[in-house]
Amino acid sequence: MFHSARIKLTFWYVIIAAVITGFFSVLIYNFVTAEFDHELNRERIRIERALSPRPGNPPRIIIRQPDPELVAQMHKRILFHILTVDAIIVAIVALAGYLLAGRTLRPIKRIMEEQDRFISDASHELRTPLTAARTEIEVGLRDKQLNLPEAKELLESSLEEIKSMQILSDNLLSLAQEDDMGASMQSLSLSEILTKANKQVKPLAKRKGSSISIPNTEHRIKGNAERLIELFVILFDNAIKYSPEGKTITVTEKRTDGHVVIKVTDSGIGIRASEMPHIFDRFYRAEKSRNKTNVSGYGLGLSIAKKIVEEYKGTIHVKSKEGEGTTFILKLPVGEKKTA
Ligand code: ADP
């Protein structure tokens, strides 16, 4: 498909070049042949005048009109030269067009490949809970002696799978969501955003005996409240998930030129140096997280976080040491101070 699109694009480049060169060639041909005929005539008159005895007198020697066949031959040669130049131009455009079409289409090809990979990864992730739920229900239906407690257990297990699918579909929607930047950009209290995000991860923090220390700040950031809360929920959730029980996660913030730099630091399991370049990729889960069955997730959190940060022209980086902990460093545009 990529190759045929490239050929089609090249074809259109060539057509455009051929039309333009054709148009100018007609103009040039008409102009050059007219100039040639005119010069020939003028030269003839000039020679006749030079040979006449006195100015004003009719010339004694009359020079014949040039041979029409010779003139036609000259016209043909002019046409031949113009067509040769045209052919060279079209050949250069075809070659350059082919190369250019390849360059133009390469990012589109990459996006399409990424999209295909994304769809196949998403389907693969959905298939696991779907298959599990289906098998359980089928086995339950076939069991003639299924009693009420067993049926309840089956329903509970299916409900778990459904919840897991719901989380995945919410994540997928969040990744697909394109924020209407103009409409949703607001100046927001950083403190409020952090507090609301903290509230959402409270149940998980409670289960693990962890806590998050939120700074008392007056700073404001620019963006959409819902999306920014989602961003911090992802980072807090990960910090709790990938830390041992009873740890404190620290959030600090500092104002720089036009930005607020926010750091979320945990003293958890850390990330291997070899895995660091991939953690923002969709569906990527580090080996340790994949192997731990009690750490839930689809490997979509950080790719959503990155998307949100980039929506607001910010940046996100990570510093981590395996076994020591991780710090996510966010740089978000500062919001104007609210006037009362
Ligand atoms: P998920 O948490 O669902 O696996 P994410 O996209 O949120 O997916 O994170 C990708 C991977 O990055 C995780 O699987 C985990 O290995 C690693 N990771 C993210 N945050 C942390 C953290 N705070 N500490 C250690 N590892 C982390």
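Refer to the structure presented above.
Asker: Could you give an account of the packing of aromatic side chains, with specific residues and numbers?
Answerer: The tally for this structure, following the rule as stated, stands at 5 aromatic pairs. When the centroid spacing of 6.3 Å and the interplanar angle of 90 degrees are considered together, the rings of Phe280 and Phe328 count as edge-to-face. Placement of the pair is Phe280 in the loop between strand E5 (259–266) and helix H7 (287–291) and Phe328 in strand E7 (residues 325–333), with a sequence separation of 48 residues. A relative accessible area of 6% places Phe328 in the buried class. Above the face of the Phe2 ring, Lys109 is positioned so that its terminal group lies 4.8 Å from the ring centre. Lying over the aromatic face of Phe118, Arg282 brings its terminal NZ or CZ to 4.7 Å of the ring centre.

Asker: How would you sum up the sheet that holds strand E6 (residues 315–321)? Please name residues and give values.
Answerer: The strand order E2-E4-E5-E7-E6 describes an open sheet built from 5 strands, whose pairing is mixed. Unpaired on one side and paired on the other, strand E2 (211–213) and E6 mark the two borders of the sheet. The mean angle between the axes of side-by-side strands here comes to 15 degrees, regardless of whether they run parallel or antiparallel. Inspection of the sheet shows E6 paired to E7 by 7 bridges, in the antiparallel sense. Its bridge partner being in E7, Val318 is matched across the sheet by Phe328. Of the strands in this sheet, E2, strand E4 (248–256), E5, E6 and E7 touch helix H6 (residues 225–241), which is tilted by about 170 degrees from E7. Against the sheet, helix H8 (residues 301–311) touches E6 and E7, its axis set at about 140 degrees to E6.

Cut-offs used in this document
- Counting from 1, residues in each chain are numbered in the order their sequence is written.
- This being a predicted model, a pLDDT of at least 70 is required before a residue's local features are given, and a value of 80 or more before pairs of side-chain atoms are given or counted; all residues contribute to the totals for chains, interfaces and linings.
- Processing note: side-chain calculations cover all non-hydrogen atoms of the structure and skip hydrogens and water entirely.
- Pairing of aromatic side chains here covers Phe, Tyr and the six-membered ring of Trp, requires ring centres within 6.5 Å, and sorts the geometry by plane angle: under 30 degrees stacked, over 60 edge-to-face, intermediate tilted.
- Runs of E in the DSSP output that reach at least two residues are strands. Runs of H or I that reach at least four are helices, and both are numbered from the N terminus.
- Categorising residues by exposure relies on relative accessible area from a 1.4 Å probe, with only protein chains included: less than 20% of the type maximum marks a residue as buried, more than 50% marks it as exposed, and the intermediate range marks it as partly exposed.
- Working rule: Lys NZ or Arg CZ, within 6 Å of ring centre, within 35 degrees of ring normal, means a charge sits over the ring.
- Two strands pair under a simple rule: DSSP has to find at least two bridges between them.
- To obtain an axis, a line is fitted to C-alpha atoms, over the contacting stretch when the element is a helix, and the angle between two such axes runs from 0 to 180 degrees between their N-to-C directions.
- Residue contacts are defined here by distance: any two heavy atoms, one from each residue, within 4.5 Å place the two residues in contact.

Note that all results are geometric; they support no functional claim without further evidence.
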